[in-house]
Amino acid sequence: MEVSELLQQTHKLPNVPDVVRELIQQLNNPNADYGEISEKVSKDQTMSLKILRLVNSAHFGLSRKVSSIDEAVVMLGMNQLKTLVIASGLAGSVTEVEGMNLKEFWSQSFRIATIAKWYASKTDSVDPDVAFTIGLIHNIGRLLLHLTKPKLAEAIQQRVKESGTSRSAAEMERLNFTTPEAGQALLDMWKFLKNWDRPCAITRIQWNPSRLTRLAPSPTLPAI
Amino acid sequence: MESEPPNPACAITNIACYLNACIRSKRSLEETMERFPVKVAALAGLPADIASSCEEAMALESGLDGLAG
């Protein structure tokens, strides 16, 4: 099988709002017009409502209720709003996936993204917003496989569970490619990494488990 | 491709995945710190003693779960 077989099923692919694509593409652009982007977010009622509900939750601890996206920008700052829009757009891009607990999937991705952003803030070498976004999308290949080939995805999951084989080995065995590679192909198709330096290095190192093992030899990690 | 220089953003995601996996598998803080991928942290330009801040990183709440589902 080839990755393109998954990508050809366009009606099954995640439906990422244009404004989210635009935001991700603009992450590294110092001249990005975020005012225009927040205007577009305001016009997307579903997304605005989700974001405002979240912003008004106890987690953000704001002193008063926020009732518009413009107000959210003032109270939280554009950087925080960017994070929320990207997370909201990606998490809302798929509503149901056979054989996958979506809530759990995104909860894990949110946590990874949040931790990545925190570590990025401790170094000058990585933009925290970029770290957050990579954390969010690093596992999107697995979502893609579940969306387009649910039976195969389930069979791979079973194989990993029953035989203790690594996920990448099981994926190679059944698909002849890994879900990280599929994820990279999807991001390439969306042109998400177009403006970033060395996109191959970004995805390969993070997503190629054999490479990761060499980088981090000590931990024997459960499947992420 | 294997010889390409590692990207720091990637190394950071790797560390975040490591901590998430430790949380999921209920690995003790002691073991999490002991097995912390210090070489990866160095690639990301993080300070040498960054493993000691595992607890703080693992306690972070995304606050975003309301966006899922």
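The paragraphs below set out a description of the structure included in this document. (Residues numbered from 1 in each chain as written. Chains lettered and ligands numbered in written order. Predicted model: local features only at pLDDT ≥ 70, side-chain atom pairs only at ≥ 80, totals over all residues. Heavy atoms only, no water.)

## Description of the packing of aromatic side chains
Enumeration according to the criterion identifies five aromatic pairs over all chains in this entry. Seen in terms of ring centroids, A:Tyr119 and B:Phe36 are 6.3 Å apart; in terms of plane orientation they differ by 45°. Their pairing is tilted. With A:Tyr119 in helix H7 (residues 102-120) and B:Phe36 in the loop between helix H2 (29-34) and helix H3 (38-43), this residue pair bridges two chains. You'll find A:Tyr119 and B:Phe36 in the same group, each marked buried. Here a set of aromatic residues connected by ring pairs shows up, and it is made of A:Trp118, A:Tyr119, B:Tyr18 and B:Phe36. (Phe/Tyr/Trp six-rings, centres within 6.5 Å; stacked < 30°, edge-to-face > 60°. Helix = DSSP H or I, 4+ residues; strand = E, 2+ residues; numbered from the N terminus. Buried < 20%, exposed > 50% of the residue type's maximum accessible area, 1.4 Å probe, protein only.)

## Examining the pattern of salt bridges
All names here are of chain A. Applying the stated rule across the entire model yields eleven salt bridges over all chains. With its nearest N and O atoms 3.2 Å apart, the salt bridge here joins Lys-149 to Glu-5. Placement of the pair is Lys-149 in the loop between helix H9 (140-148) and helix H10 (150-163) and Glu-5 in helix H1 (residues 3-7), with a sequence separation of 144 residues. When its relative accessible area of 32% is taken as the criterion, Glu-5 is described as partly exposed. The shortest N-O distance in the salt bridge between Lys-43 and Glu-39 comes to 3.6 Å. With a gap of four residues between them, Lys-43 and Glu-39 both fall in helix H3 (residues 34-43), about one helical turn apart. Since its relative accessible area comes to 64%, Lys-43 is described here as exposed. When salt bridges with common partners are traced through the structure, they connect Glu-22, Glu-36 and Lys-40 into a single cluster. (Salt bridge = Lys/Arg side-chain N within 4 Å of Asp/Glu carboxyl O.)

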